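Breakdown of the fold
Okay, here's what each chain looks like letter by letter:
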There are 2 protein chains.
Amino acid sequence: MLDVCLLGTSGMMPLPRRALTALMTRFDGSSLLIDCGEGTQVSIREKGWSVNPIDTICFTHYHGDHISGLPGLLLSMGNAERKKPLTMIGPRGLSKVVASLCIIAPGLPFEIEYIELEGQVQDVKVNGYNIEAFKVNHSVACYGYNIVIPRNGKFSVDRAKALGLPVTLWNPLQKGNPVEYGGKTYTPDMVLGEKRKGIKVTYCTDTRPVDIIADMAAGADLFICEGMYGEDDKQDKALQNRHMTFYEAAELGKRAFVKEEWLTHYSPSLVNPEIYMDKVRQIYPYVIAGKDRKSVTLEFGKDE
Amino acid sequence: MLDVCLLGTSGMMPLPRRALTALMTRFDGSSLLIDCGEGTQVSIREKGWSVNPIDTICFTHYHGDHISGLPGLLLSMGNAERKKPLTMIGPRGLSKVVASLCIIAPGLPFEIEYIELEGQVQDVKVNGYNIEAFKVNHSVACYGYNIVIPRNGKFSVDRAKALGLPVTLWNPLQKGNPVEYGGKTYTPDMVLGEKRKGIKVTYCTDTRPVDIIADMAAGADLFICEGMYGEDDKQDKALQNRHMTFYEAAELGKRAFVKEEWLTHYSPSLVNPEIYMDKVRQIYPYVIAGKDRKSVTLEFGKDE
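To keep things clear, this report deals only with the structure shown in the data block. (Residues numbered from 1 in each chain as written. Chains lettered and ligands numbered in written order. Predicted model: local features only at pLDDT ≥ 70, side-chain atom pairs only at ≥ 80, totals over all residues. Heavy atoms only, no water.)

**Considerations on the overall build of chain A**
- When you go through chain A residue by residue, the secondary structure sums to 10 helices and 16 strands.
- Its C-alpha atoms give chain A a radius of gyration of 21 Å, near enough to 19 Å, the size a compact globule of 304 residues would have.
- With the principal axes as the frame, chain A shows a C-alpha extent of 70 × 50 × 35 Å.
- Across the 304 residues of chain A, 56% fall into the buried class.
- Residue pairs in contact within chain A that sit at least 24 positions apart in sequence constitute 65% of those at least 6 positions apart.
- Accessible area for chain A stands at about 13000 Å²; split by element, carbon and sulfur atoms hold 50% of it.
- Taken together, the 35 basic and 37 acidic charged side chains of chain A have centroids lying 3 Å from each other. (Helix = DSSP H or I, 4+ residues; strand = E, 2+ residues; numbered from the N terminus. Rg over C-alpha atoms; globule rule 2.2 N^0.38 Å. Buried < 20%, exposed > 50% of the residue type's maximum accessible area, 1.4 Å probe, protein only. Contact = heavy atoms within 4.5 Å. Areas by Shrake-Rupley, 256 points an atom, 1.4 Å probe, with all protein chains shown as cover. Lys, Arg positive; Asp, Glu negative; His and termini not counted. Charge placed at Lys NZ, Arg CZ, Asp CG, Glu CD.)

Quick look at the structure:
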């Protein structure tokens, strides 16, 4: 079960009723954040979620609207006496950018571990999440992310009983961990069936609609995608600023055959995204205009 | 005439309905900001004021909650194609702190001029404002500010006529500037009466209640002062964190005989400042609990 909250939908600058675009997920006690613009910590509080369980922060890129809220968030975590290390993932230069911003957040009481991305696609397993970072096409190095919650095969009570394993050892095996019993090692494959489909959320902002996005988003339960412009006359501007229109974002969702797509990262000049949605849904009917703090809980599918 | 807006009243961290403490003033087409925490630019937009005419930014100190919104504000000014230079005033280290934060705001289309404060009191005349910075007592170097709008003496039409000055030259003289006419220099003192009382706003946050504050705030039209704690049992915490209680702030206002005092910079744990105000007003009746975007227009007094 994965809780997902789109913390904001604004691009470029925070507005009174539109926070900067960022995503937060909660899974198994560990929260993950993608991007942290000015005001992201306020939106988290507004949602009623806590900054304390955030163990992982992924950055798409280092334009101000995607990272300007980081020092404030780190200070709030420090004030809450966080001790656990925090993992940050982002394009090359991450540790330098964070160190530079932290001139106003000195002496944090926790460690920061940096994972700097290189190349086209990079997988990172951290804090229960399988993260797939993929390079998109913006004016600076920028990555999209798949947040995947893998699901083990079905646990076979019959097989566990046949092996004579006590019930107390079933849970770790079910979670994919080997156990020792009676001087022997038992591995999960001995009691689990074939791997089942997990949960997949694809997130990408600040990019032209390049092929890799459709490839990486294939079959996603939820695809959160930038749609900077809805107006008919903004195609040139989208090209020039390396952003996407609502219609380009919908085409990507259609190619990837995603279950649902939310648009976000609206231009400050775009007042009401809803008025373009009829036209957008002619391209792909499962596209929704994202709103600040729009949320969903994604569950594993029913067993077939 | 000076427009004053208290943009926020929160200390330490921004909250959903309480922005970080900052002040904005508007005078003669040039706006001034004191401090710029995460979300200050949002509060300016919420108020309906513009970031574009901000020509001066004063910083009390460099704790995150007082400067974390700076890169975002500068980016917004840059996006609005500001070209005019911007003056920043603050304790020593200002240019280094700003340069470090600006790693996410590169290539701004305007110059920044830095005035780094030293010593106990420093006067700065800039963009029509007379600014008096004074060192207060916090855990790091921290300054309070008087924002003073001076007022020249009354213009004497009789004297100007007697000197034979054409009407077109009256305005610059009235504003305090010398003029040339018929090969001679005329100075303002030749046509102006004695200097009259101007407008004075005193602003101080993040400090213990030291004497210099009462001295500098003497007779202010408006005194905006931190009140971090209202609860009876928080005096020790105020001492320990080098902050003030509501009651200490009221004592300062009383000593300075200010016309009106607004409290601000509330601790996140303080939910409703109003419940302490009866007790506060027993100390000094002109104290008000500040609210986000509380505003006033201060006018020059009537001529006596």
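**With respect to the side chain of A:Asp35**
All names here are of chain A.
- Residue placement: Asp35 occurs in the loop between β3 (30–34) and α1 (40–47).
- Lacking a salt bridge, the buried Asp35 has Lys135 as its closest oppositely charged neighbour, with an N-O distance of 16 Å.
- Setting aside chain neighbours within four positions, we find Asp35 in contact with Thr21, Ala22, Thr40, Cys58, Phe59, Thr60, His61, His66, Tyr203 and Thr205. (Salt bridge = Lys/Arg side-chain N within 4 Å of Asp/Glu carboxyl O.)

**Describing the packing of helix α1 (residues 40–47) of chain B against helix α3 (residues 70–79) of chain B**
Residues and elements named next belong to chain B.
- Contact geometry of α1 with α3 gives a least axis separation of 8 Å together with a crossing angle of 55°. Relative to α3, the element α1 lies oblique. Together, Gln41, Ile44 and Arg45 of α1 and Gly72, Leu73 and Ser76 of α3 make up the contact between the two elements.
- Considering only residue class, the contact of α1 with α3 consists of two nonpolar, three polar and one charged. (Axes fitted to C-alpha atoms, helices over the stretch in contact; angles between N-to-C directions. Parallel < 35°, antiparallel > 145°, perpendicular 65-115°, else oblique. Nonpolar A, V, L, I, M, F, W, Y, C, P; charged D, E, K, R; others polar.)

**A few points about the interface of chain B and chain A**
- With 29 residues of chain B in contact, the opposing surface of chain A contributes 29 residues.
- Here chain B packs against chain A, burying approximately 2300 Å² in sum over the two surfaces, 63% of which is carbon and sulfur.
- Where chain B packs against chain A, one counts two salt bridges.
- When the shortest N-O distance is used, the salt bridge between B:Arg17 and A:Glu46 registers 3.2 Å. (Buried area = accessible area lost by both parts, 1.4 Å probe.)

**Quick look at the sheet that holds strand β14 (residues 261–264) of chain A**
Residue and element names in this part refer to chain A.
- Here seven strands make up an open sheet; going across it, the order is β7-β8-β9-β12-β13-β14-β15 and the pairing mixed. Strands at the two margins of the open sheet, each flanked by one partner only, are β7 (121–126) and β15 (287–289). For this sheet, the mean inter-axis angle between neighbouring strands, taken without regard to orientation, is 20°.
- Running over the sheet, helix α9 (residues 246–256) touches β13 (222–226), β14 and β15 and is turned about 155° from β13. (Pairing = 2+ DSSP bridges.)

**With respect to the pairing of strand β12 (residues 196–204) of chain A**
Residue and element names in this part refer to chain A.
- As defined by bridge partners, strand β9 (residues 143–151) adjoins β12 across six bridges and the pair is classed as antiparallel. Within the sheet, the bridge partner assigned to Tyr145 lies in β12 and is Tyr203.
- Inspection of the sheet shows β12 paired to β13 by four bridges, in the parallel sense. Directly across from Thr202, in β13, lies its bridge partner Phe223.
- With respect to chirality, the unit in which β12 leads through helix α7 (residues 211–217) into the neighbouring parallel β13 is right-handed. (Right-handed = clockwise from strand over helix to strand, strands pointing away.)

**Section: the sheet that holds strand β8 (residues 129–135) of chain B**
Residue and element names in this part refer to chain B.
- Judged by pairing direction, the sheet is mixed, and its seven strands sit side by side in the order β7-β8-β9-β12-β13-β14-β15 without closing on themselves. Edge positions in the sheet fall to β7 (121–126) and β15 (287–289), since each of these pairs with one other strand and no more. Direction aside, the axes of adjacent strands within the sheet are offset by 20° on average.
- Bridge count for strand β13 (residues 222–226) against strand β14 (residues 261–264) is four bridges, and the pairing is parallel. Directly across from Glu226, in β14, lies its bridge partner Thr264.
- Those strands touched by helix α9 (residues 246–256) are β13, β14 and β15, and its axis lies near 155° from that of β13.

**Here we look at the pattern of salt bridges**
All names here are of chain A.
- According to the stated counting rule, one finds 22 salt bridges over all chains in the structure shown.
- Between Arg92 and Glu118 there is a salt bridge, with its nearest N and O atoms 3.7 Å apart. Residue Arg92 is found in the loop between β5 (86–91) and α4 (94–101), and its partner Glu118 is found in the loop between β6 (112–117) and β7; the two are separated by 26 residues along the sequence.
- A single network of salt bridges, built from pairs that share partners, joins Asp55, Arg82 and Lys84.

**Side note on the pairing of β3(A)**
Residues and elements named next belong to chain A.
- Of all five residues that make up β3, five are buried, and the element is covered over most of its length.
- The two faces of β3 match: Ser30, Leu32 and Ile34 on one face and Ser31 and Leu33 on the other face are all buried.
- Across five bridges, the pairing between strand β2 (residues 22–27) and β3 is antiparallel. Paired with Arg26 across the bridge in β3 is Ser31.
- If you look at the hairpin formed by β2 and β3, you'll find two residues sitting between the two strands, and Asp28 has a positive phi there, around 55°.
- Running through α1, the crossover from β3 to the neighbouring parallel element strand β4 (residues 54–58) is right-handed.

**Some words on the relation of the copies chain B and chain A**
- Expressed as a screw transformation, the operator carrying chain B onto chain A has a rotation angle of 180° and an axial translation of 0.1 Å, and the superposed copies differ by an RMSD of 0.2 Å. Such a combination of turn and shift is consistent with a two-fold rotation axis.
- Here 100% of the interface residues in chain B have copies in chain A that are interface residues too; the copies meet face to matching face. (Least-squares fit on C-alpha atoms with pLDDT ≥ 70 in both.)

**Focus: α9(B)**
Residues and elements named next belong to chain B.
- Counting buried positions along α9 gives eight out of 11 residues, so the element sits mostly inside the fold.
- Structurally, α9 contributes buried residues whose contacts are with α7 (211–217), β13, α8 (235–240), β14, α10 (277–283) and β15.
- Phe257 sits one or two residues past α9 and shows a positive phi near 55°.

**A short note on the layout of surface pockets**
- Reported here for the largest pocket is a volume of approximately 770 Å³.
- Lining of the largest pocket is provided by 31 residues; of these, A:Asn79, B:His63, B:Asp65, B:His138 and B:Ser139 occupy positions nearest its centre.
- In terms of residue class, the lining of the largest pocket is made up of 15 nonpolar, 12 polar and four charged. (1 Å grid on protein atoms, 1.4 Å probe; cavity = no way out; pocket = protein on both sides within 12 Å on 5 of 7 lines; lining within 4 Å. Points joined across faces, edges and corners; volume = space filled by probe spheres on them.)

**So, the environment of A:Asn52**
All names here are of chain A.
- As for its position among the elements, Asn52 is in the loop between α1 and β4.
- Through-space distance from the C-alpha of Asn52 to that of Thr40 is 14 Å; in sequence the pair is 12 residues apart.
- Excluding residues within four positions of it along the chain, Asn52 makes contact with Ala80 and Arg82.

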